[in-house]
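Single-letter residue listing:
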Amino acid sequence: MQDQNPAPAIRVCASAELANGGLGVKIPVSDAAGRTTAFFVRYQDRVHGYLNRCAHVGVELDWEGSFFTRAGDLIMCARHGATYQPDTGLCVGGPCKNGRLTALAVEERDGAVYWQPAGKIRPLADADAGQA
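Because the structure is a prediction, the values reported are computed rather than measured.

Conventions adopted
- Residues numbered from 1 in each chain as written.
- Predicted model: local features only at pLDDT ≥ 70, side-chain atom pairs only at ≥ 80, totals over all residues.
- Heavy atoms only, no water.
- Disulfide = S-S within 2.5 Å.
- Helix = DSSP H or I, 4+ residues; strand = E, 2+ residues; numbered from the N terminus.
- Buried < 20%, exposed > 50% of the residue type's maximum accessible area, 1.4 Å probe, protein only.
- Polar contact = N/O pair within 3.5 Å; in protein donor to acceptor, adjacent residues only side chain to side chain.
- Contact = heavy atoms within 4.5 Å.

Here's the deal with the state of the cysteines
Here is step 1 of the chain: Counting across every chain of the model gives one disulfide.
Here is step 2 of the chain: The residue that forms a disulfide with Cys91 is Cys96, at a sulfur-sulfur distance of 2.1 Å. Given an S-S torsion of about 80°, the disulfide between Cys91 and Cys96 has right-handed geometry.

What to know about the side chain of Asp62
Here is step 1 of the chain: For Asp62, the location among the structural elements is in the loop between β4 (46–51) and β5 (75–76).
Here is step 2 of the chain: Given a relative accessible area of 5%, Asp62 falls into the buried group.
Here is step 3 of the chain: Engagement of the side chain of Asp62 in a polar contact is seen with the side chain of Lys26, the distance being 3.1 Å.
Here is step 4 of the chain: Of the polar contacts made by the side chain of Asp62, one reaches the backbone nitrogen of Gly65; its length is 3.1 Å.
Here is step 5 of the chain: Apart from residues no more than four positions distant in its own chain, Asp62 is found in contact with Lys26, Asn52, Phe67, Ala78 and Arg79.

This is how it looks when you write it as structure tokens:
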């Protein structure tokens, strides 16, 4: 059964805050497993959002907001080096081979990045200030 009243879109950040292969922006969320974060990055001029949970062991991927390899071409888990395609979330290296990050619905408009919550992944109360 679909949500009759979908959650409002959440403003994540200004579009200019995300550079290709650069630092990501995290926001607090919850899912069926509890409290965690979601992250948003820019790759090849498009913004992508994922649940911040490695497909291998479920730990957060980043180290101080850094999600990309030094080359800026793959998302990498800072804990054990699993690598993911930034545009699909597919694991292409490491122990999570053929696993996938949980993708989020993201759009850019009016100079900002927005996330449309759906399913069990929801913003926490302290993230609700950016609704639009």
